[in-house]
Amino acid sequence: MHVYDGVRFAPSRPAARMQPDSTAADYRLLQQRLGTNRTVVVQPAAYGIDNGVTLDAIERLGRSDTRGVAVVHPDVTEIELKRLDAGGIRGIRFPQFDPQTAATTRDMIEPLAKRVEPLGWHVQIHLRSDQIADAADLLQRLPGTVVFDHLGRLAGGVNDPALMVIRRMLDRGRTWIKLSGGYFFGDAPAYAGALPVARTYVTAAPERVVWGSDWPHPTEADKPDDATLLDLLLDWAPDDAIRRRVLVDNPAALYGFSP
């Protein structure tokens, strides 16, 4: 999920999908509705590489049950990386699906992946499927753990060429998939196009898929019902034991939560 707190943290890039009513306190209300208690705060585009809002949210939501994913540039210092690590950051993200709002560029991905691998951090990739296919060589040589956001945003569903790239990486054992962003695959409430894609990943690597809400859904003008999004997991992962892995065991392994 993402936190936006325009009162306490002025956005450095306000045109990049700034969201109202999306503070850590607002998210606590959603957690009460959904019944979740652990959180991964992902740095939003509106704040660029100023990760202050994300670090603050980790503290407010509780360090024992909260981790974060930051955005940095290649000139980030080792001191800053250690500060972020101490603050609960466990990965860096590259949301480059929209060049107009992207705070990073493709040439930054590989050098930064090499920088953060010694920390045990992962690299979170949010690209469109055509971008994934175009960057296949780069993505497949990245060191460490790679996480594909939003089911890989496969515009062509299970026939999308990007799925072959992702499957090859999954089969090597260091790549994860985030089961989120169902609204990129069709209309509410079923988002039917997401089902075969999600089941493909769950079948291929049930030990390396995690669920995410993507709250407050910054890409969407019409906000989806978060409970409906969570309910999709009943179809995406119909087995109780696998759902427990998706919601409990797998995120503990990826983000370093206590069992």
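Residues numbered from 1 in each chain as written. Predicted model: local features only at pLDDT ≥ 70, side-chain atom pairs only at ≥ 80, totals over all residues. Heavy atoms only, no water.

Caption draft 1: Focus on the nonpolar core. Grouped together as the largest cluster of nonpolar side chains are 70 residues, with contacts concentrated most on Ile-125, Phe-148, Leu-151, Ile-177, Leu-179 and Tyr-201. It is helix H7 (residues 161-171) that provides the largest number of residues to this core, a total of six residues. Here Ile-177 is in contact with Phe-148, Leu-151, Ile-166, Leu-170, Tyr-201, Arg-208, Val-209 and Val-210, once residues within four sequence places are set aside. (Core = buried A, V, L, I, M, F, W, Y, C linked by side-chain atoms within 4.5 Å. Buried < 20%, exposed > 50% of the residue type's maximum accessible area, 1.4 Å probe, protein only. Helix = DSSP H or I, 4+ residues; strand = E, 2+ residues; numbered from the N terminus. Contact = heavy atoms within 4.5 Å.)

Caption draft 2: Looking closely at the packing of aromatic side chains. Counted according to the given criterion, the structure contains four aromatic pairs. These aromatic residues form a ring-pair network of at least three members: Tyr-183, Phe-184 and Tyr-191. Directly above the aromatic system of Phe-184 lies the positively charged group of Arg-153, at a separation of 3.8 Å from the ring centroid. (Phe/Tyr/Trp six-rings, centres within 6.5 Å; stacked < 30°, edge-to-face > 60°. Lys NZ or Arg CZ within 6 Å of the ring centre and 35° of its normal.)

Caption draft 3: Representation of unusual backbone geometry. Of the consecutive residues Ala-188 and Pro-189, the connecting peptide bond is found in the cis state with omega at 0 degrees. Of note, the bond from Trp-215 into Pro-216 is cis; its omega dihedral lies within 30 degrees of zero at 0 degrees. Looking at where Pro-216 falls in the secondary structure, it is placed in the loop between strand E7 (209-211) and helix H9 (226-231). Phi at Asp-21 is positive, roughly 50 degrees, even though this residue is not glycine. Relative to the helices and strands, Asp-21 is located in the segment before helix H1 (24-34). A relative accessible area of 66% places Asp-21 in the exposed class.

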